[in-house]
Amino acid sequence: MSPNYMRSFSEGCLRPPTVIGQFHTLFFGSVRMFFLGVLGFAVYGNEALHFSCDPDKREVNLFCYNQFRPITPQVFWALQLVIVLVPGAFFHLYAACKSIKQEDILQKSFYSSFYVLSVFLRVILEAVAFWLQIQLFGFKVNAIYMCDMGAFEKKFNITRCMVPEHFEKTIFLIAMYTFTVITVVLCVAEIFEISCRRLGFLKSQ
């Protein structure tokens, strides 16, 4: 791919054709990623090291932690951010290869419909991620986790494990749910803005 295509692709990703899309990029790129990258590491970075069970043995702690966290929240949210970017990135790659200018996207029905489809797919992916987060992490992190040790050691059925910084993790969970909801609202608002522009209620940029 030539440098011109790469430049057009990066400009399209950083400066979408709608005002709300540009705000979403700013919100998504700066606030959400900063929150996850910096605060997420501070809250979850050493969770596995401080997760302790009774008896406090390394193999028991590791077994129960893997049961407690089938996937770590940082990995899940990082995958969510990357996957949600895919529809928009695919559209802007297509626009770059076809040399479509940003101002032309909302002027032609095919381009605007393609762009709306990418935004709609983003909404679906965010909704799926929201549901998965509920299934994996719930809305609250309890201080005590009851680990089923039957598959590991027959003489222990259930053992108690201490979850470090459970209150901070609960706050972080709620914050990530809030970010997902805000992102979905922005995507829906962007579709509404495009519809208004196509119907002539708003002037094109």
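Not measured: the values here are computed from a predicted model. (Residues numbered from 1 in each chain as written. Predicted model: local features only at pLDDT ≥ 70, side-chain atom pairs only at ≥ 80, totals over all residues. Heavy atoms only, no water.)

Draft legend 1. Main features of the packing of aromatic side chains. Inspection of every chain in the model, using the stated rule, returns 17 aromatic pairs. Arranged with centres 5.3 Å apart and planes meeting at 85°, the rings of Phe-91 and Phe-114 form a pair that is edge-to-face. Remark: Phe-114 occurs in helix α7 (residues 109-137) and Phe-91 occurs in helix α5 (residues 73-97); sequence separation between them is 23 residues. Here Phe-91 and Phe-114 have matching classes, each one buried. Both rings, one in Phe-110 and one in Tyr-111, keep their centres 6.0 Å apart while their planes meet at 65°; by these two values the pair is edge-to-face. Judged by its relative accessible area of 55%, Phe-110 falls in the exposed class. With relative accessibility at 19%, the residue Tyr-111 sits in the buried group. Taken together, the aromatic side chains of Phe-35, Tyr-44, Phe-76, Trp-77, Phe-137, Phe-172 and Phe-179 make up a single cluster linked through ring pairs. (Phe/Tyr/Trp six-rings, centres within 6.5 Å; stacked < 30°, edge-to-face > 60°. Helix = DSSP H or I, 4+ residues; strand = E, 2+ residues; numbered from the N terminus. Buried < 20%, exposed > 50% of the residue type's maximum accessible area, 1.4 Å probe, protein only.)

Draft legend 2. Summary view of the nonpolar core. Ranked by size, the top nonpolar core spans 29 residues in total, and within it Phe-51, Cys-64, Phe-68, Trp-77, Tyr-145, Cys-161 and Phe-172 carry the most contacts. At the level of elements, α2 (19-44), α4 (58-68), α5, β2 (144-148) and α8 (166-199) are the ones that each hand at least two residues to this core. Excluding residues within four positions of it along the chain, Phe-172 makes contact with Phe-35, Leu-36, Leu-39, Gly-40, Val-43, Tyr-44 and Trp-77. Counting residues in each nonpolar core, the second largest holds 13 residues, with Ile-100, Ile-105, Val-119 and Ile-191 among its members. (Core = buried A, V, L, I, M, F, W, Y, C linked by side-chain atoms within 4.5 Å. Contact = heavy atoms within 4.5 Å.)

Just distances and angles here, no functional claims.
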